[in-house]
Amino acid sequence: MADRFSLPAGAVVADQYRARVRDAQHDPEAFWLAQAGRLAWHTPPSAASRSYFTGDVQISWYADGQLNVSENCLDRHVLTQPDKAALIWEGQEKGQREVLTYRDLHARVCRLANVLRRLGVRKGERVAIHLPAVAEGVVAMLACARIGAIHVVLFGGFSAEGLAERIQDSSAGVVITADVARRGAKLIPSKTTMDKALALCASGGSVRHVLVVSVSGVDVPMQEGRDLSYEAEVAQEEADCTPEVMNACDPLFLLYTSGSTGRPKGVVHSSGGYLVWAGLTHELAFDAQPDDIFWCTADTSWITGHTYVVYGPLVNGATVLIYEGLPSWPEPGQWWDVIDRNKVTVFYTSPTVVRAAMREDEAVVRARSLASLRVLGTVGEPISPEAWTWFSEEVGRGQCPVVDTWWQTESGGVLITACAGQVPGRPGAAGLPLPGVEIALLGTQGHTTVDGEGEGLLCLSRSWPGQAMTLWQDHDRFRQTYFSTCPGYYFTGDGARREKDGYIWITGRVDDVVNVSGHRIGTAEIEDAVATDPEVVESAAVGIPHDLKGQGLVVYVVAREEGRLDPARVARAVGEGVGRYAVPEKIYIVKDLPKTRSGKIVRRLLRKIAADELDNLGDLSTLSDPECVQALIRQVAEQN
Ligand code: 6R9
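If you're wondering where the values come from, they're calculated on a predicted model, not measured in any experiment.

**Topic: the overall build of the protein**
For step 1, the next point in the chain: In terms of regular secondary structure, the protein is built from 19 helices and 31 strands.
For step 2, the next point in the chain: Over its C-alpha trace the protein gives a radius of gyration of 24 Å, about what one expects of a compact globule, namely 26 Å for 640 residues.
For step 3, the next point in the chain: Dimensions of the protein, computed from the C-alpha atoms along their principal axes, are close to 75 × 65 × 55 Å.
For step 4, the next point in the chain: Out of the 640 residues in the protein, the part that is buried amounts to 60%.
For step 5, the next point in the chain: In the protein, once contacts between residues fewer than 6 apart in sequence are set aside, the share between residues at least 24 apart is 70%.
For step 6, the next point in the chain: If you sum the accessible surface of the protein, you get close to 24600 Å²; carbon and sulfur atoms cover 50% of it.

**Looking at the sheet that holds strand β3 (residues 97-101)**
For step 1, the next point in the chain: Pairing is mixed in the open sheet, where seven strands are placed in the order β3-β2-β15-β14-β16-β17-β18. The strands lining the two open edges of the sheet, one partner per strand, are β3 and β18 (402-405). Strand-to-strand twist of the sheet, defined as the mean angle between neighbouring strand axes without regard to direction, takes the value 20 degrees.
For step 2, the next point in the chain: Sheet topology places strand β14 (residues 293-296) next to strand β16 (residues 346-349); three bridges connect them, and they run parallel. From the neighbouring strand, C296 faces β16, where its bridge partner is Y348.
For step 3, the next point in the chain: Seen against the sheet, helix α10 (residues 303-315) touches β2 (85-90), β14, β15 (319-323), β16 and β17 (375-379) and runs at an angle of roughly 165 degrees to β14.
For step 4, the next point in the chain: Set on the sheet, helix α11 (residues 334-342) makes contact with β2, β3, β14, β15 and β16; between it and β15 the angle comes to about 150 degrees.

So, how was this worked out
Residues numbered from 1 in each chain as written. Predicted model: local features only at pLDDT ≥ 70, side-chain atom pairs only at ≥ 80, totals over all residues. Heavy atoms only, no water. Helix = DSSP H or I, 4+ residues; strand = E, 2+ residues; numbered from the N terminus. Rg over C-alpha atoms; globule rule 2.2 N^0.38 Å. Buried < 20%, exposed > 50% of the residue type's maximum accessible area, 1.4 Å probe, protein only. Contact = heavy atoms within 4.5 Å. Areas by Shrake-Rupley, 256 points an atom, 1.4 Å probe, with all protein chains shown as cover. Pairing = 2+ DSSP bridges. Axes fitted to C-alpha atoms, helices over the stretch in contact; angles between N-to-C directions.

Right, dumping it as structure tokens:
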């Protein structure tokens, strides 16, 4: 039972927080049912969780409740605060700024929702959204929610192949893309890449229409009958649209993420439970206040963008900021200026951004006021105590709590953090599980729990409202992936250490997932892309520590014939198969990979060799050919 009690006596937390944890433990069903009261329901739910982690596995929250997510994020606030800014958008070009009130955002969402309906999109159909950081990204998600379509937001960095795979898997009927995406001085050809992707989809692919948002106004090829101008289409529609009444367990969206096996997983989130979780965690983690200007710098194609650019803050009636530009283009300090110009109160970003800022001249951050900031947060990867302290002192001027938030695509929202104003932060530690979140550390075999202080596989012993319901059209894979390693528990894929007073330190992924600047990259995905080259016999991708990116990706490739394969060609295969963001730091062409006698690649060794940690290679006696290690070290040294 020890794992049930997530708040040890030694933890120094605010009374309100302690009371919440106690209530949640005392009667979880009542606690979570009360949380449903955050939302406006067409039919309020009569029960909270009907979830179980055994047998077939079922994740079911507020099952008999009915609601519409966009109504919760918009209409409710249009009634009470129509003129409050919902969304402040700043473009990367000087002076580009737009403020959408709740009334404005509601109108835009309704117009697009009407377009989608006119194009035949019905409840339950998938709509793919492939947009840069423009207001239309938010509008598109909420428009889908309004008519009960399931949105699938796709990362701008995916290659045509990467897009095609996901569009086919989700069989989206409509795609919303842009002419181009601006990235500093570069223009990324979004529409052209999408055209290639659609050409790759099997003949008779599911996509009927492509709506093209004009970001820079450049001319792009439009396919007659299929492609439509977003602006021309929305201009024809009314600013009102009757919302579809949805069941709480109807999917709101699916979002692809990487795992240990090749194919990306379409994580499916619910309408009711997810929205409760988005609202509750936005409020708790960041101590959200009505007059906040909330800036989460995440791209909307990441779960962080879904939950903390769109659903969490908007369901709570807050003001969110979206900035299209890079932190240091055309010169360092852009993001600090965005904070000062817009009086941002909560700034939520990634450790990679913090590390990059730390490398700049201190004068850059010190020349800015940053006085509006109240709370700082990070997500996506561990933040070192040094980076945490720098963020707190230089950006927060020693005045703002820093919340390191640990969570995942599958969790819908934050699970572990030191809630601002409630739980004291501790540099390097993620914090405590949120009230009602019951974590357990399990032994490496997944059968014994680690009580109190100790280290183990990070699991959850009970469902929470934001938990993903399944993987798109593959419930069996869902069960296998998350519920078989530690029977009876949800296994996160991470390892963790717990201190005496309950603080959790995340020790990193224990599966074959590499975290490059917060991008979750499955090594199998990389290896699959490399394998498309006929000159490749086999390959192994591993992650090694990287100063700026947290982890860097290294790939070892065995070529069919010496001299016929070079690293640039392998890099191209990854760029084309997955996307440029996944191109490895370093590619080694080697003669052989170290394997166990049963033929398993020994990644531990590959990691150490790539990281140049040669003093302690560990036990080599289990290798089928221990000699290969010295040869490998030599080959790597030659290519460095
Ligand atoms: C929200 C998000 C999830 C994986 C997760 C873990 C790593 C996320 C972290 C963190 C240490 C943190 N991760 N936050 N590791 N400290 N605060 O990142 O979702 O893209 O699905 O990645 O990222 O390994 O399992 P997602």
